[in-house]
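Below are the chains, spelled out letter by letter.
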Amino acid sequence: MSLEIGNWKFDITYEGVWTFLNIIVKSTLSIFLLVTATSTTTFPDFLKGLDMLRVPRLLVMIMSFMYRYIFVLIDEARRLMRARSLRYFGSRYKEQFRVIGYMIGVLFIRTFERAERIYSAMIIRGFSGEALSVKRFRFSYMDILFMVGIIVSLVCIVSGLVHKIEHIRVSGAHLWQGL
Amino acid sequence: MARIIKVSKLNYRYPDGTIGLKDVSFEVEEGETMVIIGANGTGKSTLFMNLMGILDGDGYIEVVGLMLNKTNLKDIRRGMGMVFQNPDDQLFCPTVMDDVSFGPLNLGLNADQVTEASQKALALVDLQGYESRTSHHLSFGEKKRAAIATVLSMNPGILLLDEPTSGLDPRSVSKFINILYTLKSQGKTLLIVTHDLFLTQEIADRVLVFSEEKKPVAVGDYKEILNNYDLLLKNNLVHQHRHRHDEVVHDHEHRHGYIHEH
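What counts as what
- Residues numbered from 1 in each chain as written.
- Chains lettered and ligands numbered in written order.
- Predicted model: local features only at pLDDT ≥ 70, side-chain atom pairs only at ≥ 80, totals over all residues.
- Heavy atoms only, no water.
- Helix = DSSP H or I, 4+ residues; strand = E, 2+ residues; numbered from the N terminus.
- Rg over C-alpha atoms; globule rule 2.2 N^0.38 Å.
- Buried < 20%, exposed > 50% of the residue type's maximum accessible area, 1.4 Å probe, protein only.
- Contact = heavy atoms within 4.5 Å.
- Areas by Shrake-Rupley, 256 points an atom, 1.4 Å probe, with all protein chains shown as cover.
- Lys, Arg positive; Asp, Glu negative; His and termini not counted.
- Charge placed at Lys NZ, Arg CZ, Asp CG, Glu CD.
- Pairing = 2+ DSSP bridges.
- Axes fitted to C-alpha atoms, helices over the stretch in contact; angles between N-to-C directions.
- Buried area = accessible area lost by both parts, 1.4 Å probe.
- Polar contact = N/O pair within 3.5 Å; in protein donor to acceptor, adjacent residues only side chain to side chain.
- Core = buried A, V, L, I, M, F, W, Y, C linked by side-chain atoms within 4.5 Å.
- pLDDT = per-residue confidence, 0-100.
- Phe/Tyr/Trp six-rings, centres within 6.5 Å; stacked < 30°, edge-to-face > 60°.
- Parallel < 35°, antiparallel > 145°, perpendicular 65-115°, else oblique.
- Left-handed = near helix turned anticlockwise from the far one by under 90°.
- Nonpolar A, V, L, I, M, F, W, Y, C, P; charged D, E, K, R; others polar.
- Expected span 1.5 Å × (residues − 1).
- Bend = angle between axes of the 7 residues up to and from the residue.

In terms of regular secondary structure, chain A is built from six helices and four strands. From first element to last, N terminus to C terminus, chain A shows the α and β order β-β-α-α-α-α-α-β-β-α. A globule of 179 residues ought to have a C-alpha radius of gyration of about 16 Å, yet chain A, at 27 Å, is considerably larger. Projected onto its principal axes, the C-alpha coordinates of chain A cover approximately 75 × 60 × 25 Å. Put simply, chain A has 179 residues, and 17% of those count as buried. When contacts within chain A are restricted to residue pairs at least 6 apart in sequence, those whose partners lie at least 24 apart make up 52%. Summed over all atoms, the accessible surface of chain A reaches about 14100 Å², with 69% contributed by carbon and sulfur. Side chains of chain A carry 23 positive and 13 negative charges; the gap between the two charge centres is 9 Å.

The next point concerns the overall build of chain B. Secondary structure summary: chain B contains 10 helices and 12 strands in total. For 262 residues, the compact-globule estimate of 2.2 N^0.38 gives 18 Å, and the C-alpha radius of gyration of chain B, at 19 Å, lies within 12% of that figure. Across its three principal axes, chain B shows a C-alpha extent of roughly 65 × 45 × 40 Å. Per-residue burial over chain B gives 53% buried out of 262 residues. Sequence separation of 24 or more characterises 61% of the internal contacts of chain B that already satisfy a separation of 6 or more. Surface exposure of chain B reaches about 12000 Å², of which carbon and sulfur atoms provide 46%.

A word on the sheet that holds strand S3 (residues 33–37) of chain B. Residues and elements named next belong to chain B. If you walk across this open sheet you meet the six strands as S6-S7-S8-S3-S9-S10, and the pairing is mixed. Looking along the sheet, the strands with just one partner apiece sit at the ends: strand S6 (80–83) and strand S10 (216–221). With strand direction ignored, the average angle separating the axes of adjacent strands in the sheet is 15°. Bridge count between strand S7 (residues 158–162) and strand S8 (residues 189–194): five bridges; the pairing is parallel. Its bridge partner lying in S8, leucine 160 is registered against leucine 191. On top of the sheet, helix H1 (residues 44–51) reaches S3, S6, S7, S8 and strand S9 (206–210); it is set at about 145° to S8, its chief contact. On the sheet, helix H6 (residues 140–152) packs against S6 and S7 and is oriented at approximately 165° with respect to S6.

Reports often express the size of an interface as the amount of accessible area lost when the parts come together. Tallying the contact residues gives 30 residues for chain B and 25 residues for chain A. Note on chain B versus chain A: buried area summed over both sides is about 2500 Å², and carbon and sulfur give 62% of it. Looking at the side of chain B facing chain A, the largest losses of area belong to Asp89, Phe92 and His136 of chain B, adding up to 26% of the total buried there. There are eight residue pairs in polar contact (both at pLDDT 80 or more) connecting chain B and chain A. Where the side of chain B that touches chain A is concerned, the elements lending two or more residues are helix H3 (87–90), helix H4 (96–106) and helix H5 (111–124) of chain B.

All names here are of chain B. Ile37, Ile148, Leu180, Leu183, Ile192, Val209 and Ile225 are the most contacted members of the largest nonpolar core, which has 46 residues in total. Excluding its chain neighbours within four sequence positions, the residues that come into contact with leucine 180 are Leu161, Leu190, Ile192, Leu199 and Ile203. Leu10, Val24, Met80 and Phe102 belong to the second-largest nonpolar core, a separate cluster that totals 41 residues.

Here we come to the confidence of the model for chain B. Here chain B shows a mean pLDDT of 89. Residues at 70 or above account for 94%. In the model output, the complex is listed with pTM 0.77 alongside ipTM 0.76.

Next up on the list: the packing of aromatic side chains. The geometry of an aromatic ring pair is captured by the separation of the ring centres together with the interplanar angle, meaning the angle of the planes. In the structure shown here, the tally under the stated rule is seven aromatic pairs over all chains. Aromatic side chains phenylalanine 108 of chain A and phenylalanine 112 of chain A sit 6.3 Å apart centroid to centroid with 25° between the ring planes, which places their arrangement in the stacked category. Of the two residues, phenylalanine 108 of chain A and phenylalanine 112 of chain A both sit in helix H4 (residues 93–123), four residues apart, roughly one turn of that helix. On the accessibility criterion, phenylalanine 108 of chain A (56% relative accessible area) is exposed. Relative to phenylalanine 102 of chain B, the ring of phenylalanine 92 of chain B has its centre 4.9 Å away and its plane inclined at 85°; by these criteria the two rings are edge-to-face.

So, on to the packing of H4 of chain B against H5 of chain B. A packed helix pair is summarised by two numbers, namely the angle formed by the two axes and the spacing between the axes. All names here are of chain B. Where H4 meets H5, the closest approach of the two axes is 9 Å, and the angle between their N-to-C directions is 120°. Considering their axes alone, H4 and H5 lie oblique with respect to each other. Where H4 crosses over H5, the handedness of that crossing is right-handed. Where H4 approaches H5, its residues Val96, Met97, Val100, Ser101, Pro104 and Leu105 are matched on the opposing element by Val114, Thr115, Ser118, Gln119, Ala121 and Leu122. The residue makeup of the contact of H4 with H5, split by class, is eight nonpolar, four polar and no charged.

So, on to helix H3 (residues 57–86) of chain A. With 30 residues, H3 of chain A should reach 44 Å at 1.5 Å per residue; the first-to-last C-alpha distance of 43 Å fits that figure. Tyrosine 69 of chain A marks where H3 of chain A bends most, by close to 40°. When we look at burial in H3 of chain A, the residues that qualify are Val60, Met61, Ser64, Tyr67, Arg68, Tyr69, Val72, Glu76 and Leu80 of chain A. Elements that come into contact with the buried residues of H3 of chain A comprise helix H2 (43–52) and H4 of chain A together with H3 of chain B.

Right, let's get into the pairing of S3 of chain B. All names here are of chain B. Across the five residues of S3, five count as buried, placing the element largely inside the fold. Two strands pair when backbone bridges link them, and S3 and S9 are joined in this way by four bridges, in the parallel orientation. Bridged to isoleucine 36 within S9 is leucine 208.

What follows deals with the confidence of the model for chain A. In the predicted model, chain A carries a mean pLDDT of 84, and the fraction of residues at 70 or more is 93%. Within chain A, helix H6 (residues 175–178) of chain A has the poorest average pLDDT of any element, 58, and helix H1 (residues 14–40) of chain A the best, 89.

Laid out in structure tokens, this is it:
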């Protein structure tokens, strides 16, 4: 089957439609899962989950520190910006870029020094490179029920979609036959 | 009382050559509260970093009979905890519970012991129910209390507190002093760095005064030190400036509780 728009001619193939549907379903499911995960799980629990799923500990720790200190860094940057804007009365672009460069440098030095203090606080509390946690997740009956519910819902959605697609007719012929 | 800390002829120089500590010697008895006072930049925090083995100065440091060196650093840190001045440096985990349990977990305690120690520490600083709160959402006073809980959960015999009341409002200061009283009554040895003379008067058994030359210039009973105006004035711990009392304007030194004639 082909479609003409002005001088453009598009050939619609079975494989093309299938790939299109594949991408749509995958991206919708990914967004659906992302929204469900972020609205039902706190970030610390999410990190713990990643740890239990054997995601490298170093990566999980880096994410944990990012989550903890991103707001502190944003505050630090805001303070620098505020201090600049209070003493800024208009200057040449070259001068402004120089000041922004200084600010980035200062932020980097402060972050570096903070990282050293945090590391000191960690080692004096016995840190030896391994991130430990007291929190344990247990699989309860509610979790099993939730999982069964999700699987049943997904099966229903997917079978409903397949059923619908099978009944779509183009010019009196079945979609698959028309292609 | 037995000697628990001994520092002898300790010197420290920063990598850029700046002098951090100069010929520091003092001793602390078990169960006593020693407050180290001094103006800004006199080396008080640097002293704590050396006591914890984070900075490596020249001199002799002995803690609970052990000479501080790289081989016994872990043993010393099991018995001596330090609370940093800025609680954001101390609270690095996503939740309060993660932070408070960090120390006991690294000590090798099992999950039940860790939970018990953490709950006990949080109760002591009046932060029950804050376990799952994220650290960056706490107020500054709560952060300070959570920071002390992160060390209390390890149950150390010696506590080093760097400027514990700085930046706190009066009610939070009062809460903090109550916590320190409780720790004192439990027999903990407290070393507190501050330039808050009110806190010193409230909690100190003995006071060590640091001069702006980065070395101790006096040590003694808190009453004796706090009543030595010349010593406090010389070391930038009290100040004189023009002062108004209704119609009377004159100069005099400032110190908490100092009553004077107008």
